[in-house]
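Listed here are the chains, written in short residue letters.
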Amino acid sequence: MNGWRWVTGSLRARLLWFLLAAIVLAAGAQALVAYRTVLSEADDIFDYHMQQMAMSLRSGLPPSAAVGGIGSGEQNFDFVVQVWTADGVRVFESAEQAALPQLAVLGFADVHARGTTYRVFSMQTRGLVIQVAQDMAARRSMAGTLALRTIAPVALMAPLLMLVVWWVVSRSLAPVARVRKQVASRQADDLSAVSEEGLPEEVRPLVQELNLLFDRVRHAFDAQKHFVADAAHELRSPLAALKLQVQGLQRAPDEAARELAVSRLVAGIDRATRLVEQMLALARHEASMAAGARPEAVDLAEVARLAISDAVAAAQARRIDIGIAHADADAVVSGQPEALRMLLRNLLDNAVKYTSEDGRVDIAIARRDGTVELSVDDNGPGLPEAERARVLDRFYRSGEPQAPGSGLGLAIVKSIADLHGATVALDASPSLGGLRVRVVFRLSGA
């Protein structure tokens, strides 16, 4: 059992065993075909020879013919000849106790006698019945000998063939062994691509998929390192501020100062909570990117309705009118529904945060030739053109003082858009006068 597992587990051993079996089967098939071919040809030749022998006896019996036959020393002749009269009297027999049937079937027939099978040819002429018989074992022996001679060269060449097969298989699998050594000798943090040079077509796709896996793992590691670095950098200031606010609360001399310190502490905790939530959302999204989740058909209108339900509480608290201004039918893109909901929710949160009270935020979904455009407009103060590209970077905060934020909202939007092959553009809103953020998705096949 262990030997068979070794054969089935090793590609080289499997190929060698299967090729050896193929050679043996081919030699056996060749021997069988040669045997059947030679036996068929021998039947034709010997049948003709028996027929000619019988016809040669029509003119008369051989000299010294007798019922006793030729003698005991000739009983192993390949051919047996018997001659009978029309009355059933045997007048000639070339072998003693041949035990061939007296009433012969004219023509060719196979007869079982003396523990073997005879091929018998019978003919009748001038009151005599002439029978010529041959033991079929002689024919089979000759056919077997010729078949053995046919496969003998193959049997002699089999070791040489196996050496050639072993050399070819070893040379063909050498690139695979090279890849195995290359991967085995790597350090744990070495995620560079494996070389595809010299690999056969059957193995190259496996190495390509391995390189893609290395690439995804590398992105996951980079995202983890970036997250840890960003968290260490960004959480330092809020935690320090919270510590100072707690100290201020402890040193408050009266109730009014204590209430002010508590309100500042609550605001600081809210900002820290928002920062942590945004950082965790970005980490989850980047993890899903690294995992290579399967895309689905996503209706952007449905995503917009869900995102509005997430942001409506904050909008109502500031009396901001938020809704869908326009949505084309069949605005379906391929992607991750939860990630797209996060994208639009961050756009709405950003718009609500920077729009003054009693403001307005509109969502529009438009399908054009080969693309679907998702836009969010607000009537806030807008954004200077020089900062429109920079706000897509992590932890960059606009100079607007009324809503400092964490600087991660638009960075998450940009990251999710990149995952879906979409582009993000920031412009002045022509309808509301504030900021317009456009996310353009390219439809598959367009």
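As a reminder, the structure under discussion sits directly above these lines.
Residues numbered from 1 in each chain as written. Predicted model: local features only at pLDDT ≥ 70, side-chain atom pairs only at ≥ 80, totals over all residues. Heavy atoms only, no water.

A word on the sheet that holds strand β12 (residues 435-442)
Here comes step 1: A sheet is described by the order of its strands in space; here 5 strands give the open sequence β7-β9-β10-β12-β11, paired in mixed fashion. The open sheet has two free edges, formed respectively by β7 (321-327) and β11 (423-428), since each of these has just one partner strand. Geometrically, the sheet is characterised by an average inter-axis angle of 15° between neighbouring strands, direction not taken into account.
Here comes step 2: The pairing of strand β9 (residues 360-368) with strand β10 (residues 371-378) spans 8 bridges and is classified as antiparallel. Counted as the bridge partner of I365 is L374 from β10.
Here comes step 3: The sheet contacts of helix α7 (residues 300-317) involve β7, β9, β10 and β12, and relative to β7 the element is tilted by about 170°.
Here comes step 4: Packed on one face of the sheet, helix α8 (residues 337-354) meets β7, β9, β10 and β12 and runs near 25° to β10. (Pairing = 2+ DSSP bridges. Helix = DSSP H or I, 4+ residues; strand = E, 2+ residues; numbered from the N terminus. Axes fitted to C-alpha atoms, helices over the stretch in contact; angles between N-to-C directions. Contact = heavy atoms within 4.5 Å.)

Some details on the packing of α7 against α8
Two packed helices can be described by the angle between their axes and the distance between those axes.
Here comes step 1: Contact geometry for α7 and α8: axes closest at 9 Å, N-to-C directions at 40°. Taken together, the axes of α7 and α8 are oblique relative to one another. Note that α7 runs across α8; the crossing there is right-handed. Taken together, the residues of α8 that come into contact with α7 (itself represented by L300, V303, A304, L306, A307, I308, S309, D310, A311, A314 and A315) are L340, R341, L344, R345, L348, D349 and V352.
Here comes step 2: Its residues assigned to classes, the contact of α7 with α8 comprises 13 nonpolar, 1 polar and 4 charged. (Parallel < 35°, antiparallel > 145°, perpendicular 65-115°, else oblique. Left-handed = near helix turned anticlockwise from the far one by under 90°. Nonpolar A, V, L, I, M, F, W, Y, C, P; charged D, E, K, R; others polar.)

Section: the pairing of strand β2 (residues 90-93)
The side chains of a regular strand alternate between the sheet's two faces.
Here comes step 1: Two strands pair when backbone bridges link them, and strand β1 (residues 79-85) and β2 are joined in this way by 3 bridges, in the antiparallel orientation. Bridging across to β2, W84 finds its partner in R90.
Here comes step 2: As consecutive antiparallel partners, β1 and β2 are separated by 4 residues, and within that stretch G88 has a phi angle of approximately 90°, a positive value.

Overview of α7
Here comes step 1: With 18 residues, α7 extends 26 Å from end C-alpha to end C-alpha; this agrees with the ideal 26 Å at 1.5 Å per step.
Here comes step 2: Considering bend angle alone, the principal kink of α7 is centred on A311 and spans about 45°.
Here comes step 3: By the burial criterion, the buried members of α7 are L300, A301, V303, A304, A307, I308, A311 and A315.
Here comes step 4: At the N-terminal boundary of α7, the capping side chain belongs to D299, with an oxygen 3.1 Å from the backbone nitrogen of A301.
Here comes step 5: R319 sits one or two residues past α7 and shows a positive phi near 55°. (Expected span 1.5 Å × (residues − 1). Bend = angle between axes of the 7 residues up to and from the residue. Buried < 20%, exposed > 50% of the residue type's maximum accessible area, 1.4 Å probe, protein only. Polar contact = N/O pair within 3.5 Å; in protein donor to acceptor, adjacent residues only side chain to side chain.)

Regarding the side chain of D377
Here comes step 1: Position of D377 relative to the elements: it lies in strand β10.
Here comes step 2: Here S429 takes part through its side chain, which lies 2.6 Å from a polar atom of the side chain of D377.
Here comes step 3: Non-local contacts of D377, meaning those with residues more than four positions away in its chain, are made with R360, V361, D362, S429, P430, S431, L432, L435 and R436.

Some remarks on unusual backbone geometry
Here comes step 1: Even without glycine at this site, R319 takes up a positive phi of about 55°.
Here comes step 2: Locating R319 in the fold gives a position in the loop between α7 and β7.

A look at the packing of helix α2 (residues 11-56) against helix α3 (residues 136-184)
Here comes step 1: In contact at an axis separation of 8 Å, α2 and α3 are set at 160° when each is read in the N-to-C sense. The orientation of α2 relative to α3 falls into the category roughly antiparallel. As α2 runs across α3, the sense of the crossing is right-handed.
Here comes step 2: Residue composition of the contact of α2 with α3, grouped by class: 28 nonpolar, 4 polar and 5 charged.

With respect to the sheet that holds β2
Within a sheet, neighbouring strands are paired by backbone hydrogen bonds and run either parallel or antiparallel to one another.
Here comes step 1: An order of β2-β1-β5-β4-β3 is seen for the 5 strands of this open sheet, with the pairing classed as antiparallel. For this open sheet the edge positions go to β2 and β3 (107-113), each flanked by a neighbour on one side alone. Pairs of neighbouring strands in the sheet enclose a mean axial angle of 25°, with direction left out of account.
Here comes step 2: Pairing geometry for β1 and strand β5 (residues 128-135), over 7 bridges, is antiparallel. Each residue of the ladder has a partner; that of W84, found in β5, is V129.
Here comes step 3: Docked against the sheet, α2 engages β1, β3, β4 (116-125) and β5, running at close to 40° with respect to β4.
Here comes step 4: Lying on the sheet, α3 is in contact with β4 and β5; it crosses β5 at an angle near 35°.

Scope: geometric values only; no functional claims are made or implied.
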